[in-house]
Amino acid sequence: MKSGYIYRMAFRNISRNKKRTALSAFAIAMAVMIVCFMKSYTTGLFNNVKNNVFSFETAHVKVINKDYLKEEKLMPLDLNIYGYENNYNEVIDLLKKIEGIKYVLPRTKFGAILNLNGKMKNLVGFALDQKLEYPVNPLKDKIIAGRMFNEYSPGVQEIVIGEILAREIGVKSGDKITLMTKTAEDGLGHMTFKISGISSYGISEFDKTYFYIPLSAAAKFLKMENEVIELAVYLDNMHRSIPVSKKINEQFYTQQANPYIAYPWEYQKDGQYYKMFVTLTKTYDIIFIGIIFLACLVIINTTMMVIYERMKEIGTIAALGMRGTAIIKLFFYESVIISAMGSFTGTVIGGAISLYLSITGINIAKLTGGGMNLQFSEIVYPRFGLDILLYSFIFGVLISSVCVFIPATKAAKIEPAEAMRGIL
Amino acid sequence: MPIVECNNVSKEYKVGASVVSALKDISLSFEKGEFSAIVGPSGSGKSTLLNLIGCLDKVTEGNLKINGILIKEQNKTLLADLRCENIGFVFQTFNLIPVLSAFENVNFVLSLKKNLPENECAEKSMKILEEVGLKGLENRKPSELSGGQQQRVAIARALVKEPALILADEPTANLDSKTGEDIMALMKDLNMKKQTTFIFSTHDKMVMDYATRIINLRDGMITSDNGGKKS
Ligand SMILES: Nc1ncnc2c1ncn2[C@@H]1O[C@H](COP(=O)(O)OP(=O)(O)OP(=O)(O)O)[C@@H](O)[C@H]1O
Ligand SMILES: [Mg+2]
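Treat the numbers as computed from the prediction; the structure is a model and nothing was measured.

1. Some points on the overall build of chain A
Each helix and strand in chain A was counted, giving 14 helices and twelve strands. A compact globule built from 424 residues should have a C-alpha radius of gyration of about 22 Å, whereas chain A, at 30 Å, is more than 25% larger. Principal-axis analysis of the C-alpha atoms places the extent of chain A at approximately 95 × 50 × 35 Å. Counting every position in chain A, which comprises 424 residues, the buried fraction comes to 52%. Counted over contacts in chain A with a minimum sequence separation of 6, partners at least 24 positions apart contribute 77%. The averaged location of the 36 negative side-chain charges in chain A is 13 Å from the averaged location of its 47 positive side-chain charges.

What follows is the structure, encoded as C-alpha cells:
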C-alpha cells in the first residue's frame, strides 16, 4: 500500500490522546536526559581519572630505582636513576631497543616548600623534558595564562604552577616565587623562579599542589645533573605492560649492575584504582539499560492501553484489507515520532546540563562531603560531545521504538472479527 | 461459479472450558448480483456467518470458498489482500476511522489497493460520496456527522473499491427507520446498477422487504432459504 495514510494516521493519533503522548515522551525524555548526562559525566570522570593516573602517576611502565619503592612517600632524591657509567640516558637507550615501547620520558618528582612571607606550603614538583613529554602529556596545552617555561640558563629560571595554587597564594604569571628543597646530595637547596605560566588540568590535586620546571632547572636546583627519579615508559598497547616490564627487567639483568626495576601500571596502587574504576564505569552501562528499561515499561504499558483502546479500529482497518505489517508500522511510526520528540527533548536538556557542567565542573568532593580518599580529581568535568548526544538520542529512539513491536505485533495477529469485538 | 460457497461450515467458540457452537454444518452459496438477507433471532449466528464469509475469522470445520479460493489455505496477508480487492464491509456501529475525515475514510480504502494513481483515487472517492448524498461534508470528521451520515460514509467506503461482494451486518440497526430506508434504497440501487452482491443480516422487517432472498437462521442452522440453491 501507499504509506501516506499510515503516516497521516500515525501523526494524528499522536495528538489524539495528548496526556498519554506527553507521558510517554516525558518518560523517554527523562531517561534519555539521565543517560545523556550520566554518559557525559562518566566519560568525563573516566578520561579525567585515566589522564590523572597515566599521565603523571603510573605511566604504562615506570622504571625506577629498586630501593625507591620502599621510601616512595618521602620522594627520596638519592634513590634515582643514574645510568650505568655516565647518566640516565644509558638506561633510556637500553629501553628504546625493546619492542612495544613508544616513549621513554625522564622525570623527577620531588617535594618542595614554598616560603611565602614566612608561611610554608608543601608542594610537589615535576621536572620534565617538555619536548619529549608533549605527545603524552601536553602541559603546554594546559596553560591558561602566560606561556610554557623556557629551558634553564643562568638568569632564566622559569616555572609553571597550578591554577588553584596561584589563586591561593595570590600570584600571576610574571611574578617570582622562591622554593626550598632537600637536594639529592642531602643538602638544602633553594631557587627563585619566575612564573612563566599558570596551568589547569581540572584536577584539583594537580592544580593545587603541582608545579612544573624543566629538567635543566632541576639539574641545578636538585643537584641532579645526570640523574632522574623515574623513566616513564609509554607503550603502543598499555595492556601489554606486564610482559613488556618482564622484558625490560630481563634486559636489566644482563647489565653489570642491576639497580633498576620496571614496574607496570597494573601493579601500582594508582593503577589498581584505575582498574577498579573501569569496572565501576561498566556498571554504569548496566544502570543506563535499567533506566531505559523503566522508560520502556511506561511505553509498553501506554502502547498496550492504546492498542486496547483502539482494538475496534485495528479490527476495522484489518477488515478493510490493511496488512498486519502495515498495522505494526502504524504503531511503530507513532512511537518513533513520540520517542523522537522525547529523546530530542531529553538530549537537549541532558546536553545543556553536560555542556554547562563541562565548563564549570562538578565538585564531587563537595557532593560527597570530601570523604573520598581516591586519587581522583575532586572536580569532574563531564565530557560534552556530539557523539554522546547522538548516542543518547539514538539509544532513546531505538529502544523505545523496539518496545512497541511487542504489543503491536500482538495486535496485528488477532483475527479482525475478534479485534472488532474489542477483546484483546 | 458462485461468489461465496460454504460447504458444511461449522464455527465453535471456546468460552473458558466450554464450547459454544455458533454455526452447525452450514452449506450455502451466493451468486453474483444477489441481494440477500440473513435473518434470525439474536444469537442465531448471523454475525458469525458474515464474519466467516468476510474472512474476518476462521472456520472450525468445513470449507469456505470466495471466488473459488479456499480460504483456510490462505495466510493472513493473502486474506487481507483478498478483502482489500473483493469485499466491502458495512458494520452495525459504522466503524469509521475517527482521525480521518469522511473523504479520507473513503479514499484510505483505495490507497490500500495497488496500482491506483492518487488523483484517480481522489476523484472516485469524491464521486461516491456525492452518490451517497454527502456532497459538501467531505472534510468532516466522523464525530461531526450524524449516525445516518456516518453509515453513508461507511457505505461509500464499502462501495468505492467496487468489490464483488458487500457484507453488511445489521446496517440499519443504529439508524431511525427513515434513514434506514434511505440506506437500503441506496444499497439496492447500487446492487441494481453495478451487480454488486450484497449479503446483510437484519432483524428489521423493512430491510427484509428489500431482499430478494431471505435465509433464516436459528441456533446456528438454516431453517429456511427462499431462492437460494442449497448444495
Ligand atoms: N467471540 C465469541 N466468543 C464466544 N461466543 C461467541 C462469540 N461470538 C459469538 N458467540 C456466540 O455465538 C452465537 C452466535 O452469535 P452471533 O453474534 O453470530 O449471533 P447474531 O445472530 O449475530 O446475534 P445478534 O442478532 O444479537 O447480533 C451466540 O450464542 C454467541 O453467544
Ligand atoms: Mg450480530
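2. Side note on the pattern of salt bridges
On inspection of all chains with the given rule, the structure shows 28 salt bridges over all chains. Across the pair A:Arg8 and B:Glu104 runs a salt bridge whose closest N-O atoms are separated by 2.7 Å. Taken as a pair, A:Arg8 in helix H1 (residues 4–14) and B:Glu104 in helix H3 (residues 102–112) lie in two separate chains rather than in one. Since its relative accessible area comes to 8%, B:Glu104 is described here as buried. Its salt-bridge partner being A:Lys172, residue A:Asp175 comes within 3.9 Å of it at the nearest N-O pair.

3. Considering the side chain of A:Arg107
Residue and element names in this part refer to chain A. Among the secondary structure elements, Arg107 is positioned in strand S2 (residues 101–116). On the accessibility criterion, Arg107 (0% relative accessible area) is buried. Reaching out from Arg107, the side chain makes a polar contact with the side chain of Glu133 at a distance of 2.8 Å. Setting aside its immediate chain neighbours within four residues, Arg107 contacts Ser55, Phe56, Ala127, Leu128, Glu133, Asn137, Val228, Ile229, Glu230, Ala232 and Tyr234.

4. Let's talk about the nonpolar core
Grouped together as the largest cluster of nonpolar side chains are 74 residues, with contacts concentrated most on B:Phe108 and B:Phe200. With 68 residues, the next largest nonpolar core counts A:Ala112, A:Ala184, A:Leu222 and A:Val244 among its residues.

5. Looking at the environment of A:Ser3
All names here are of chain A. Among the secondary structure elements, Ser3 is positioned in the segment before H1. Accessibility expressed as a relative area gives 26% for Ser3, which makes it partly exposed. Separated by ten residues in the primary sequence, Ser3 and Asn13 have C-alpha atoms spaced 15 Å apart.

6. What to know about the sheet that holds strand S2 (residues 18–30) of chain B
Residue and element names in this part refer to chain B. An order of S2-S1-S4-S5 is seen for the four strands of this open sheet, with the pairing classed as antiparallel. The open sheet is flanked by S2 and strand S5 (69–70), the only strands paired with a single partner. Here strand S1 (residues 4–15) runs beside S2; their pairing, made up of nine bridges, is antiparallel. Across the sheet, Lys14 pairs through a bridge with Val19, a residue of S2. Helix-sheet contacts for helix H1 (residues 46–53) involve S1, S2 and strand S4 (61–66), and the interaxial angle to S2 is about 60°.

7. What to know about the state of the cysteines
Residue and element names in this part refer to chain B. Scanning the entire structure with this criterion turns up zero disulfides over all chains. We note that Cys6 lacks a disulfide partner, and the nearest cysteine sulfur, in Cys55, lies 10 Å from it. Residue classification places Cys6 among the buried positions, given a relative accessible area of 1%. Judged by its relative accessible area of 2%, Cys55 is buried.

8. Regarding H3(B)
Residue pairs three or four apart in sequence face the same way in an α-helix, which turns once every 3.6 residues. Burial analysis of H3(B) places eleven of its eleven residues in the buried class, which makes it a mostly covered element. Those residues of H3(B) not exposed but buried are B:Ala102, B:Phe103, B:Glu104, B:Asn105, B:Val106, B:Asn107, B:Phe108, B:Val109, B:Leu110, B:Ser111 and B:Leu112.

9. So, the packing of helix H10 (residues 311–319) of chain A against helix H11 (residues 324–360) of chain A
For any two helices packed against each other, one specifies the inter-axial angle together with the distance between the axes. Residues and elements named next belong to chain A. The contact between H10 and H11 brings their axes to 10 Å, and the two run at 140°. The angle between the axes of H10 and H11 places the two elements in the oblique class. The handedness of the crossing between H10 and H11 comes out as right-handed. On the side of H10, the interface is formed by Ile314, Ile317 and Ala318, while H11 contributes Ile327, Leu330 and Phe331.

10. Remarks on the confidence of the model for chain A
Residue and element names in this part refer to chain A. Averaged over all residues, the pLDDT of chain A equals 87, while 96% of them reach at least 70. Within chain A, no element has a lower average pLDDT than helix H12 (residues 364–367), which sits at 66, and none a higher one than strand S5 (residues 158–162), at 95. In this model, residues 370–375 is a region of pLDDT below 50 whose contacts with residues beyond four sequence positions or in other chains number ten contacts.

11. Some thoughts on a nonpolar patch on the surface
Taken together, the side chains of A:Leu390, A:Ile394, A:Leu398, A:Val402 and A:Phe405 define a hydrophobic patch exposed on the protein surface, amounting to about 460 Å² of accessible area. Overall, A:Phe405 belongs to the partly exposed group, its relative accessible area being 34%.

12. Comments concerning the domain arrangement of chain A
All names here are of chain A. What the domain assignment reports for chain A is domain 1 (3–54 + 275–420) and domain 2 (60–264). Averaged C-alpha coordinates put domain 1 and domain 2 at centres separated by 47 Å. Around 780 Å² of area is buried between domain 1 and domain 2 when both sides are counted, 52% of it from carbon and sulfur atoms. Put simply, domain 1 and domain 2 have zero salt bridges between them.

13. Describing the environment of A:Tyr68
All names here are of chain A. Along the chain, Tyr68 turns up in the loop between strand S1 (61–65) and helix H3 (89–96). Spatially, the C-alpha atom of Tyr68 lies 26 Å from that of Ser204, the residues being 136 residues apart in sequence. Setting aside chain neighbours within four positions, we find Tyr68 in contact with Met75, Pro76, Leu79, Lys109 and Ile229.

14. Points about the interface of chain A and chain B
As a measure of interface size, the accessible area lost when the parts come together is often cited. Taken together, the contact pairs 25 residues of chain A with 32 residues of chain B. Joining chain A to chain B, the criterion identifies 15 residue pairs in polar contact (both at pLDDT 80 or more). Listing elements by their share of the side of chain A that touches chain B, those giving two or more residues are H1, H10, helix H13 (386–413) and helix H14 (416–421) of chain A. By residue number, the principal contributor to the side of chain A that touches chain B is H10(A), which donates six residues. Across the side of chain A that touches chain B, the residue classes tally to 13 nonpolar, three polar and nine charged.

The rules behind the values
- Every residue gets a number counted from 1 within its own chain, in the order that chain's sequence is written.
- Note on labels: chains are lettered from A, ligands numbered from 1, in written order.
- Only residues with pLDDT of 70 or above have their local features reported here, since the model is predicted, and side-chain atom pairs are shown and tallied only from 80 upward, although totals for entire chains, interfaces and linings are computed over all residues.
- Working from all heavy atoms in the structure, the side-chain values ignore hydrogens and water.
- Counting from the N terminus, the helices are DSSP H or I runs at least four residues long and the strands are E runs at least two residues long.
- C-alpha atoms define the radius of gyration, and 2.2 Å times the number of residues to the power 0.38 defines the globule rule.
- We call a residue buried when its accessible area falls under 20% of the maximum for its residue type, exposed when it is over 50%, and partly exposed in between, using a 1.4 Å probe and counting protein chains only.
- Contacts between residues were defined by any pair of non-hydrogen atoms, one from each residue, lying within 4.5 Å.
- Positive: Lys, Arg. Negative: Asp, Glu. His and the chain ends are not part of the count.
- All charge positions are set by atom: Lys at NZ, Arg at CZ, Asp at CG, Glu at CD.
- Between Lys or Arg on one side and Asp or Glu on the other, a salt bridge is scored when a side-chain nitrogen of the former is within 4 Å of a carboxyl oxygen of the latter.
- Whenever two N or O atoms come within 3.5 Å, that pair is a polar contact, provided that in protein one can donate a hydrogen and the other can accept it, and provided that, for residues adjacent in sequence, both atoms are side-chain atoms.
- Here, nonpolar core refers to any group of buried Ala, Val, Leu, Ile, Met, Phe, Trp, Tyr and Cys residues whose side-chain atoms link them within 4.5 Å.
- Each pair of strands is called paired provided DSSP finds at least two bridges between the two strands.
- Only C-alpha atoms enter the line fits that serve as axes; for helices the fit covers just the stretch in contact. Angles between N-to-C directions range over 0 to 180 degrees.
- A pair of cysteine sulfur atoms is labelled a disulfide when the two atoms are within 2.5 Å.
- For this classification, under 35 degrees means roughly parallel, over 145 means roughly antiparallel, 65 to 115 means roughly perpendicular, and everything else is oblique.
- Helix crossings get a hand from a simple test, with the near helix turned counterclockwise from the far one by less than a right angle marking a left-handed crossing and a clockwise turn marking a right-handed one.
- Scored from 0 to 100, pLDDT reflects the predictor's confidence in each residue.
- In this analysis, a patch consists of residues with relative accessible area above 30% that form no salt bridge, clustered at 9 Å for like charges and at 5 Å for the nonpolar side chains Val, Leu, Ile, Met, Phe, Trp and Tyr.
- Under the convention used here, a 1.4 Å probe and the Shrake-Rupley method define accessible areas, while residue burial counts only the protein chains that appear.
- Each domain's extent was defined by an automatic or database domain assignment.
- Note on terms: buried area is the combined drop in 1.4 Å-probe accessible area of two parts once they are placed together, counting the loss on both.
- The residue classification treats Ala, Val, Leu, Ile, Met, Phe, Trp, Tyr, Cys and Pro as nonpolar and Asp, Glu, Lys and Arg as charged. All others, Gly included, are polar.

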